[in-house]
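Listed here are the chains, written in short residue letters.
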Amino acid sequence: MNVYVELAEALRTQRPVVLVTVIDGPGTGAKVLVTAEGERFGSLGDQTLDERVGRDALGALAAGLTGVRHYGRHGEPAQTDLTVFVESFTAPRRMIIFGAVDFAAALSQAATLLKYSVTVCDARPIFATRARFPQADEVVVDWPQRLLARVGPSLTTRDAVCVLTHDAKFDVPAIVAALDTNVGYLGVMGSRNTHRDRLERLRSVGVPPESLDRLHAPIGLDIGALTPEETAISICAEIIAERAGLDIVRPLRQLSTPIHH
């Protein structure tokens, strides 16, 4: 099947795929399309090269990355005979916010600017309304564990869950359900005292210590945030830092390393 025909169908049905194009070297212009299941359409002109590039493309697709890579003529990783452009076509990153509070309104707005598809969920219909969250892509009136039972299997390391409820009957089930997914970021709002109490509740329902280590709590980076809007920025900053693999965040003026990771 023609690469462009398959790409158009994937885009129409919102199936994640990655397109690899040789932009310099032997076979310039050759293309291969790789699906999330590893199926390949087209060729770069060498079977071994196709296999190596296909494996790397799946890694780029899983991370939602687009960029340039270099290979030898037969896919050798440390050579520069040819340069390829790897372009990932994925669904938008998802952020699920539990708790229809003022902080959720600010966070949904900030996350939208970062191109997240935002869902706000709360079991209280008086609070979870479209009028209060116009920036969100979806407002759901339901219990957290019920929503995650439906959408949890589709969450990936690119996605985020933020629990802003401040109420054990909401946040404990939400955290337990989120820990059963592959979501990349799981942040929970509350003071240190609140979080200590929450940890005890989570241990009492059988959550193991290694799972508790996944929690970002108190949520956000320490940037002196006071308002809901500033807190939303601190949360998004922590998500970006987590994605970049940064444990310590410092001003760029204090660093001598490259500014892009």
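Structural data are supplied above this passage.
Here the structure is a predicted model, which is why all the values come from computation and not from measurement.

**A closer look at the overall build of the protein chain**
Move 1: When its secondary structure is counted, the protein chain shows eight helices and 11 strands.
Move 2: In terms of principal-axis extent, the alpha carbons of the protein chain reach across some 60 × 45 × 35 Å.
Move 3: Here the protein chain, with 261 residues, has 41% of them falling under the buried criterion.
Move 4: The contacts of the protein chain with a sequence gap of at least 6 include a subset with a gap of at least 24, amounting to 53%.
Move 5: For the protein chain, the exposed area adds up to about 14100 Å²; of that, 53% sits on carbon and sulfur atoms.

**A look at unusual backbone geometry**
Move 1: A cis amide bond, omega -5°, links Ala217 with the succeeding residue Pro218.
Move 2: Positionally, Pro218 belongs in the loop between strand 11 (215-216) and helix 8 (228-244).
Move 3: Backbone geometry at His166 places phi at a positive 65°, although glycine is not the residue there.
Move 4: Tracing the chain through its elements places His166 in the loop between strand 9 (160-163) and helix 5 (168-179).

**Topic: the packing of helix 3 (residues 102-113) against helix 8**
Move 1: One way to put it is that helix 3 packs onto helix 8 with a least axis distance of 8 Å and a crossing angle of 50°. With respect to their mutual orientation, helix 3 and helix 8 come out oblique. For the pair helix 3 and helix 8, the crossing hand works out as right-handed. Where helix 3 approaches helix 8, its residues Asp102, Phe103, Ala106, Leu107, Ala110 and Ala111 are matched on the opposing element by Pro228, Glu229, Thr231, Ala232, Ile235 and Cys236.

**Things to note about a nonpolar patch on the surface**
Move 1: Among the surface-exposed residues, Leu252, Leu255 and Ile259 lie close enough to one another that they form a single nonpolar patch of about 270 Å² accessible area.
Move 2: For Ile259, the location among the structural elements is in the segment after helix 8.
Move 3: Take Ile259: its relative accessible area is 52%, and that puts it in the exposed class.

**Focus on the environment of Leu33**
Move 1: Within the fold, Leu33 resides in strand 2 (residues 31-35).
Move 2: Note: C-alpha distance between Leu33 and Leu19 (14 residues apart in sequence) is 4.5 Å.
Move 3: Among all residues touching Leu33, those that are not within four sequence positions of it are Val3, Glu6, Leu7, Val17, Val18, Leu19, Glu39, Arg40 and Phe41.

**Thoughts on the pairing of strand 6 (residues 94-98)**
Move 1: Here strand 6 lies mainly inside the structure; four of its five residues are buried.
Move 2: Bridge count between strand 6 and strand 7 (residues 117-122): five bridges; the pairing is parallel. The residue bridging Ile97 from the neighbouring strand is Val120, located in strand 7.
Move 3: In this view, the connection linking strand 6 to its parallel neighbour strand 7 by way of helix 3 has right-handed handedness.
Move 4: Direction of pairing for strand 6 relative to strand 9: parallel, over a ladder of four bridges. When the bridges of strand 9 are listed, Met95 appears paired with Ala160.

Conventions and cut-offs
- Residues numbered from 1 in each chain as written.
- Predicted model: local features only at pLDDT ≥ 70, side-chain atom pairs only at ≥ 80, totals over all residues.
- Heavy atoms only, no water.
- Helix = DSSP H or I, 4+ residues; strand = E, 2+ residues; numbered from the N terminus.
- Buried < 20%, exposed > 50% of the residue type's maximum accessible area, 1.4 Å probe, protein only.
- Contact = heavy atoms within 4.5 Å.
- Areas by Shrake-Rupley, 256 points an atom, 1.4 Å probe, with all protein chains shown as cover.
- Axes fitted to C-alpha atoms, helices over the stretch in contact; angles between N-to-C directions.
- Parallel < 35°, antiparallel > 145°, perpendicular 65-115°, else oblique.
- Left-handed = near helix turned anticlockwise from the far one by under 90°.
- Patch = residues over 30% accessible without salt bridge, like charges linked within 9 Å, V, L, I, M, F, W, Y side chains within 5 Å.
- Salt bridge = Lys/Arg side-chain N within 4 Å of Asp/Glu carboxyl O.
- Pairing = 2+ DSSP bridges.
- Right-handed = clockwise from strand over helix to strand, strands pointing away.

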